[in-house]
Amino acid sequence: MQIRVLLGTCLLSAGLVGCAPQRNAAGDPQGLTAQRYELELVLERVRELPLGTSQARTMIALGSPAFDGFEYWRYVDGRPGVLAPTREVRVYFEGGVYAGYEVRPVVLGVPW
C-alpha cells in the first residue's frame, strides 16, 4: 500500500514540472520573472504612491516585481536590453515601508 502512495505522489509531482512559463501582460514569456504589470503601468502607479506605504499595499498597487529583496524591488522592461538600451524601476523600502523609487537604464542586459 505504501508503495502505491509513493508511486502516486511521484507521478503527480512529475506532472507538475512541465508547467507553462509566466507571461507578461502582452503575452510575451517572462522567463524566471513573475512581474505582474508592464513597466509603463508600474511607472505611472509608482509616481502616485505616497511615501510610507506598507510593502503589502505597494504590492497591491504595483503588482509583483520581477526581482524582490529586502531593501528594494526591481520592475524591468519586457525586452532583454542586450541590443537596445532599456530601463528598470527600483522601488526602495526602509523599515518595511515605501521610501522612494529610481528609474535606471539597462545596457547590455546590466543595470547601471
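Here, residues in each chain are numbered from 1, in the same order as that chain's written sequence. Residue-level local features of this predicted model are given only where pLDDT is at least 70; pairs of side-chain atoms are given and counted only at 80 or more, and the full residue set underlies all totals for whole chains, interfaces and linings. The basis for every side-chain value is the complete set of non-hydrogen atoms in the structure, without hydrogens or water.

**Regarding the overall build of the protein chain**
To keep it simple, the criterion reads: Here a strand is any run of E in DSSP of at least two residues, a helix any run of H or I of at least four, and the numbering for each starts at the N terminus. In this scheme, a residue with accessible area under 20% of its type's maximum is buried, one over 50% is exposed, and one in between is partly exposed, where area comes from a 1.4 Å probe on protein chains only. In this description, contact between two residues means that some pair of their heavy atoms is separated by no more than 4.5 Å. Here, Shrake-Rupley sampling with a 1.4 Å probe gives the accessible areas, and only protein chains in the shown set may cover a residue.
For the protein chain, the count of helices and strands is 3 helices and 5 strands. Shown N-terminal to C-terminal, the secondary structure of the protein chain runs as helices and strands in the order α-α-α-β-β-β-β-β. Each of the 112 residues in the protein chain was classed as buried or not, and the buried ones make up 28%. Counted over contacts in the protein chain with a minimum sequence separation of 6, partners at least 24 positions apart contribute 38%. For the protein chain, the exposed surface amounts to about 7,800 Å²; the carbon and sulfur share of it is 61%.

**Comments concerning the confidence of the model for the protein chain**
Rules: As a per-residue measure, pLDDT tells how confident the predictor is, with possible values from 0 to 100.
Residues of the protein chain with pLDDT of at least 70 account for 65%, and the chain-wide mean is 77. A low-confidence stretch, residues 11-32 (pLDDT under 50), is modelled with 16 contacts involving residues beyond four sequence positions or located in other chains.

**Focus on the packing of aromatic side chains**
For any pair of aromatic rings, the description consists of the separation of the ring centres together with the inter-plane angle of the planes. Just so we agree on the cut-off: Whether two aromatic rings pair depends on their centres lying within 6.5 Å, for rings of Phe, Tyr and Trp, where Trp uses its six-membered ring; planes under 30 degrees apart make the pair stacked, over 60 edge-to-face, and the rest tilted. Only when the NZ of Lys or the CZ of Arg is both within 6 Å of the ring centre and within 35 degrees of the ring normal is a charge said to sit over the ring.
For the coordinates displayed, the defined rule picks out 2 aromatic pairs. The ring of Tyr 37 carries the charged tip of Arg 45 above its face, separated from the ring centre by 4.6 Å.

**Focus: the sheet that holds strand S1 (residues 67-68)**
To keep it simple, the criterion reads: Two strands are counted as paired when DSSP detects at least two bridges linking them. Lines fitted to C-alpha atoms define the axes here, with helix axes fitted over just the stretch in contact, and angles between the N-to-C directions of these axes take values from 0 to 180 degrees.
Strand order in the open sheet formed by 5 strands is S1-S2-S3-S4-S5, with antiparallel pairing between adjacent strands. Since the sheet does not close on itself, it has two edges, and those belong to S1 and strand S5 (110-111), each with one partner. Looking at chain direction, S1 and strand S2 (residues 72-76) are connected through 2 bridges and run antiparallel. Following the sheet pairing, Asp 68 is matched in S2 by Trp 73. Of the strands in this sheet, S2, strand S3 (86-94) and strand S4 (97-107) touch helix H2 (residues 39-48), which is tilted by about 35 degrees from S3.

**Some details on the nonpolar core**
So the rule is basically this: Only buried residues count toward a nonpolar core. Its members are Ala, Val, Leu, Ile, Met, Phe, Trp, Tyr and Cys residues joined through side-chain atoms within 4.5 Å.
Among the nonpolar cores identified, the biggest contains 12 residues, and these are Leu 39, Val 42, Leu 43, Val 46, Leu 49, Leu 62, Trp 73, Tyr 75, Val 89, Val 91, Phe 93 and Tyr 98. For this core, the secondary structure elements donating two or more residues are H2, S2 and S3. With 4 residues, the top contributor of residues to this core is H2. If near-sequence neighbours (up to four positions away) are discounted, Trp 73 is found in contact with Gln 55, Thr 58, Met 59, Pro 65, Phe 67, Asp 68, Val 89, Arg 90, Val 91 and Phe 93.

**Examining the environment of Val 76**
As for its placement among the helices and strands, Val 76 is situated in strand S2. Distance from Val 76 to Val 106, taken between C-alpha atoms, is 8.9 Å for residues 30 residues apart in sequence. Excluding its chain neighbours within four sequence positions, the residues that come into contact with Val 76 are Gln 35, Leu 39, Ala 66, Phe 67, Arg 87 and Glu 88.

**Section: the pairing of S4**
Two elements, S3 and S4, share 9 bridges in a ladder whose sense is antiparallel. Each bridged residue has a counterpart across the sheet, and for Val 89 the counterpart in S4 is Val 103. Between S3 and S4, which pair antiparallel in sequence order, lie 2 residues; one of them, Gly 95, sits at a positive phi of approximately 65 degrees. Direction of pairing for S4 relative to S5: antiparallel, over a ladder of 2 bridges. Note that in S5 the partner of Val 107 across the bridge is Val 110. Hairpin geometry of S4 and S5 is characterised by an intervening segment of 2 residues between the two adjacent antiparallel strands and by a positive phi of about 55 degrees at Leu 108.

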